[in-house]
Amino acid sequence: MVAQRNDGFFAPVSGFDLPRFAGIPTFMRLPHVPFGHDRFGEVEIGLIGAPWDGGTTNRPGPRHGPRQLRDLSTMIRAMNGATWVAPFELANCADLGDVAPNPADLMDSLARMEAFYDRVVAAGVMPLTGGGDHLCSLPILRAVAKRRPVGMIQFDSHTDLNDIYFGTSRYNHGTPFRRAVEEGLIEPSRYCLIGIRGTAYGREDWDFAAANGIRIIPIGEFHARGVEDVMAEAREIVGQGDTYVTYDIDFVDPTFAPGTGTPEVGGPNSWAALQVARGLKGVNIVGADLVEVSPPFDASGGTAWLGISIMFEMLCVMAERVAVLRGGA
């Protein structure tokens, strides 16, 4: 049962009531509603932290991402100044807290995350996650796609479709979506990757994509065609079916987002980074994430500020979807 929105419980704390530098930082100053809270059953969109980077193969640090994303999110206000969407009026949103990983055991962490998101999905809550490295997306997909495969739109500079690292590692932040396709979590014909670039180990990941009908839009094509045209194709690829959205902050050029583990030059600027998220409007999103924000590589917090701004754009689209499904305006 959805609560009446005029009781104020699910409204974020206003900067006019409490200065943005004060108070306990939750995602976007929303109420903290963990499992077992007496109003958990009213939550429609749950913002979740995944503070884990056990799949990182080079520069660690995204385990600290959710905490910095929360801190910078105190600057988020209640209405989108570009689209005039007021997401907190359209859907009951809350900070569900963090997944509790096992920093000493990769496989146990994957199991813990899947179990956490199983509970979220079973409660009918749409998850929006701040990571964490990109391997975090795999257990989330295992939960949201447990009953049927989903389409996926991926913003990234890397495909993350590789098979094995160092001869034995099948589970790291370069392999999650190879595993997801193999496990039947993603419908390959409804899977679109946008922004791929940089030097490469070889063509194995691209060959896997081609063999499975996965659409890759490399950065050169993205720049040549522009955001509007590319996002129109992405929406056409996923259609009206259930779709997951995953957004690696290294999709953005490191001039604008240096705080990430594997930056690649030549990416879009911060304006285009927001525009592609707005271009998700109309997609039947069942969950989304923003990953690979690594605070140790950006002490100023600018990367986290861009990351949480992108999360807000995705939240606006998700809230509109919730309102449509509920039969609202």
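Residues numbered from 1 in each chain as written. Predicted model: local features only at pLDDT ≥ 70, side-chain atom pairs only at ≥ 80, totals over all residues. Heavy atoms only, no water.

K.L.:
Can you walk me through the sheet that holds strand 4 (residues 150-155) in this structure?
P.N.:
Two pairing modes exist for strands in a sheet, parallel and antiparallel, and in both the strands are linked by backbone hydrogen bonds. The eight strands lie next to each other as 2-1-3-8-7-4-5-6, forming an open sheet whose pairing is parallel. Bordering the open sheet on either side are strand 2 (93-98) and strand 6 (215-218), each of which pairs with just one other strand. Taking the axes of each pair of neighbouring strands and ignoring which way they run, one obtains an average angle of 15° across the sheet. With six bridges connecting them, strand 7 (residues 243-248) and strand 8 (residues 285-291) associate as parallel partners. When the bridges of strand 8 are listed, Thr 246 appears paired with Asp 289. Its contacts with the sheet place helix 1 (residues 65-72) against strand 1 (45-50), strand 2 and strand 3 (126-131), and it is angled at close to 105° to strand 3. Along the sheet, helix 8 (residues 227-238) contacts strand 4, strand 5 (186-196), strand 6 and strand 7; its crossing angle with strand 5, the most-contacted strand, is approximately 165°. (Pairing = 2+ DSSP bridges. Helix = DSSP H or I, 4+ residues; strand = E, 2+ residues; numbered from the N terminus. Axes fitted to C-alpha atoms, helices over the stretch in contact; angles between N-to-C directions. Contact = heavy atoms within 4.5 Å.)

K.L.:
Before we go on, may I ask you to explain helix 9 (residues 270-278) in this structure?
P.N.:
Since the α-helix packs 3.6 residues into each turn, any two residues three or four apart lie on the same face. Among the residues of helix 9, those classed as buried are Ala 272, Ala 273, Leu 274, Val 276, Ala 277 and Arg 278. Turning to helix 9, the residues buried within the fold contact strand 4, helix 7 (219-225), helix 8, strand 7 and helix 10 (302-326). Two or three places before Trp 271, at the start of helix 9, stands the capping residue Asn 269, its side-chain oxygen 3.2 Å from that residue's backbone nitrogen. (Buried < 20%, exposed > 50% of the residue type's maximum accessible area, 1.4 Å probe, protein only. Polar contact = N/O pair within 3.5 Å; in protein donor to acceptor, adjacent residues only side chain to side chain.)

K.L.:
Can you walk me through the pattern of salt bridges in this structure?
P.N.:
A side chain with one charge may pair with a side chain of the opposite charge, provided their charged atoms come close. In this structure the tally under the stated criterion is 26 salt bridges. Arg 70 is the partner of Asp 98 in a salt bridge, and the nearest nitrogen-oxygen pair spans 2.8 Å. Note that Asp 98 is positioned in strand 2 and Arg 70 in helix 1, a separation of 28 residues in sequence. Taking the shortest distance from any N to any O, the salt bridge between Arg 203 and Asp 207 comes out at 3.7 Å. (Salt bridge = Lys/Arg side-chain N within 4 Å of Asp/Glu carboxyl O.)

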